[in-house]
Amino acid sequence: MKNGEIKLGACSKGNDKIASYHEGDIIIINETNKLEYTISANSNMTILLMCKQGKTQIYIDNKMVIMESSDLLFIPPNTNITNWMFSSDVDCSAICLRTMKVHDFLRTQDLLNLLFTIRKHPLLHINENQFHNLIRLKEYITQMFSSTHPYYEKIMSHFVEIILYDILGAYKEVMEEIVSADTDIPTRSNQLFTAFINLLHNAKGIHREVNFYADKLYVTPKYLSHLCKSISGRTCSQWITETVVEEIRHLLCYTDLSIKEIADKLLFNNYSFFSKYVREKLECTPMEYRERFRVGNQ
């Protein structure tokens, strides 16, 4: 098979180690033939796919994406990823970040507009120096796998931020060009969608009804839902649900609030309704989730 020719990618399963690094907030996969299985098993994470050489073809929510050398692909959580194909000379790797950690980072930064531009334009070609800097950072994290440093968790937490800043910085350099080329959606619609996202971010999971946001933006709920779907591919309700769930995860894992206090803070009618909501979205009780994922318990 000639270099550059794309073939169906192989999937590695079984008892083989599927990740080069797997600790807390980060999973790193360095072997191309293990990407499909590992990423599919961790689709609730935010994923950065990197192509060092060769070609990779995948379908992201039924849209074909082809990656080549020095390409980055930003994959949001719960994205449908199918039909992996690789050229014979391909060298791809991935960094998977726990979505809760990404949101925790973004909630204190003025980076929301940039993030939504990335969601809309997930594929980015960067220069060789930028790409190799990111690869070196990934390799350094992998080498720290057996570290017993007393501040190991804090160090790794900062590495997550470094990775995010590096990715966002690469996108920001070309964002103006990307946005200026985005002529298919009127500016007013983009402004309205951005205003909705800002309201959603500031509400921090308290308001779960589409009507609340529609009233604030002086539009009908139906129009706002249609707008969100046309710009982002997801409905207004889906955006709201994701934000509420991430806020619940944050409060369960990063605060000392009791389960009842969290339910009250997020304006659930009662503890029973909150517990049922969490079981539906996270497939376990609030206490089970806290015990499993709380920082310091891992």
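Residues numbered from 1 in each chain as written. Predicted model: local features only at pLDDT ≥ 70, side-chain atom pairs only at ≥ 80, totals over all residues. Heavy atoms only, no water.

Draft legend 1. The arrangement of the overall build of the protein in detail. Tallying secondary structure elements over the protein gives 12 helices and 10 strands in all. Relative to its full complement of 298 residues, the protein shows a buried share of 47%. Pairs at least 24 residues apart make up 70% of the contacts formed inside the protein by residues separated by at least 6 positions. With the model as given, the accessible surface of the protein reaches about 15700 Å², and the carbon-plus-sulfur share is 49%. (Helix = DSSP H or I, 4+ residues; strand = E, 2+ residues; numbered from the N terminus. Buried < 20%, exposed > 50% of the residue type's maximum accessible area, 1.4 Å probe, protein only. Contact = heavy atoms within 4.5 Å. Areas by Shrake-Rupley, 256 points an atom, 1.4 Å probe, with all protein chains shown as cover.)

Draft legend 2. Broad picture of the packing of helix α9 (residues 236–254) against helix α11 (residues 271–282). Where α9 meets α11, the closest approach of the two axes is 11 Å, and the angle between their N-to-C directions is 105 degrees. Accordingly, the angle class assigned to the pair α9 and α11 is roughly perpendicular. For the pair α9 and α11, contact is made by Thr241, Val244, Val245, Ile248 and Arg249 and by Phe274, Tyr277, Val278, Lys281 and Leu282, respectively. (Axes fitted to C-alpha atoms, helices over the stretch in contact; angles between N-to-C directions. Parallel < 35°, antiparallel > 145°, perpendicular 65-115°, else oblique.)

Draft legend 3. Spatial organisation of the packing of helix α7 (residues 210–217) against helix α8 (residues 221–232). At a minimum axis distance of 9 Å, the contact between α7 and α8 shows a crossing angle of 95 degrees. It follows that α7 is roughly perpendicular to α8 by the angle criterion. Here Val210, Asn211, Tyr213, Ala214 and Leu217 of α7 lie close against α8, whose contacting residues are Pro221, Leu224 and Ser225.

Draft legend 4. Examining the pattern of salt bridges more closely. Under the definition given, this model contains five salt bridges. A salt bridge links glutamate 242 to arginine 234, with the shortest nitrogen-to-oxygen separation between them at 2.6 Å. Here glutamate 242 and arginine 234 have matching classes, each one buried. Here glutamate 246 ties to arginine 249 by a salt bridge, and the two come within 2.6 Å at their closest N and O atoms. Pair noted here: glutamate 246 and arginine 249 are both in helix α9, with a separation of three residues, about one helical turn. Look at glutamate 246 and you get buried, because its relative accessible area is 5%. The buried category is assigned to arginine 249, whose relative accessible area is 15%. (Salt bridge = Lys/Arg side-chain N within 4 Å of Asp/Glu carboxyl O.)

Draft legend 5. Summary view of the pairing of strand β7 (residues 71–75). Burial of β7 is extensive: five of the five residues sit out of reach of the surface. Across the two faces of β7 the burial is the same, with Asp71, Leu73 and Ile75 and Leu72 and Phe74 all buried. Pairing geometry for strand β4 (residues 46–53) and β7, over five bridges, is antiparallel. In the sheet register, methionine 50 faces β7, and the bridge partner there is leucine 72. (Pairing = 2+ DSSP bridges.)

Draft legend 6. Summary view of the packing of aromatic side chains. In the structure shown here, the tally under the stated rule is eight aromatic pairs. With 5.9 Å between their ring centres and 65 degrees between their planes, phenylalanine 193 and tryptophan 239 make a pair best called edge-to-face. Taken together, the positions of phenylalanine 193 in helix α6 (residues 187–203) and tryptophan 239 in helix α9 put the pair 46 residues apart, joining distant regions of the chain. Side by side, phenylalanine 193 and tryptophan 239 carry an identical accessibility label, which is buried. An angle of 70 degrees between the planes, with centres 5.0 Å apart, marks the rings of phenylalanine 268 and phenylalanine 274 as edge-to-face. Neither residue differs from the other here; phenylalanine 268 and phenylalanine 274 are each classed as buried. (Phe/Tyr/Trp six-rings, centres within 6.5 Å; stacked < 30°, edge-to-face > 60°.)

Draft legend 7. Focus on the nonpolar core. Core analysis: the biggest nonpolar cluster contains 35 residues, and Phe193, Phe196, Leu224, Ile240, Ile248 and Phe274 have the highest contact counts within it. Of all elements in the fold, only α6, α7, α8, α9, α10 (259–265) and α11 reach the threshold of two or more residues within this core. Here the element with the most residues in this core is α9; it accounts for nine residues. Those residues within four positions of phenylalanine 196 in sequence are excluded, and the remaining contacts are Tyr213, Leu217, Leu224, Cys228, Cys236, Trp239 and Ile240. (Core = buried A, V, L, I, M, F, W, Y, C linked by side-chain atoms within 4.5 Å.)

Draft legend 8. Local environment of unusual backbone geometry. A positive phi is found at aspartate 61, a non-glycine position, where the angle reads about 50 degrees. Take aspartate 61: it is sitting in the loop between β5 (56–60) and β6 (63–67).

Draft legend 9. Looking closely at the environment of threonine 56. Take threonine 56: it is sitting in strand β5. By relative accessible area, threonine 56 is classed as buried at 0%. Placed 35 residues apart in sequence, threonine 56 and aspartate 91 show a C-alpha to C-alpha distance of 9.0 Å. Beyond its immediate chain neighbours, meaning those up to four positions away, threonine 56 contacts Cys51, Val65, Ile66, Met67, Met85, Phe86, Val90 and Cys92.

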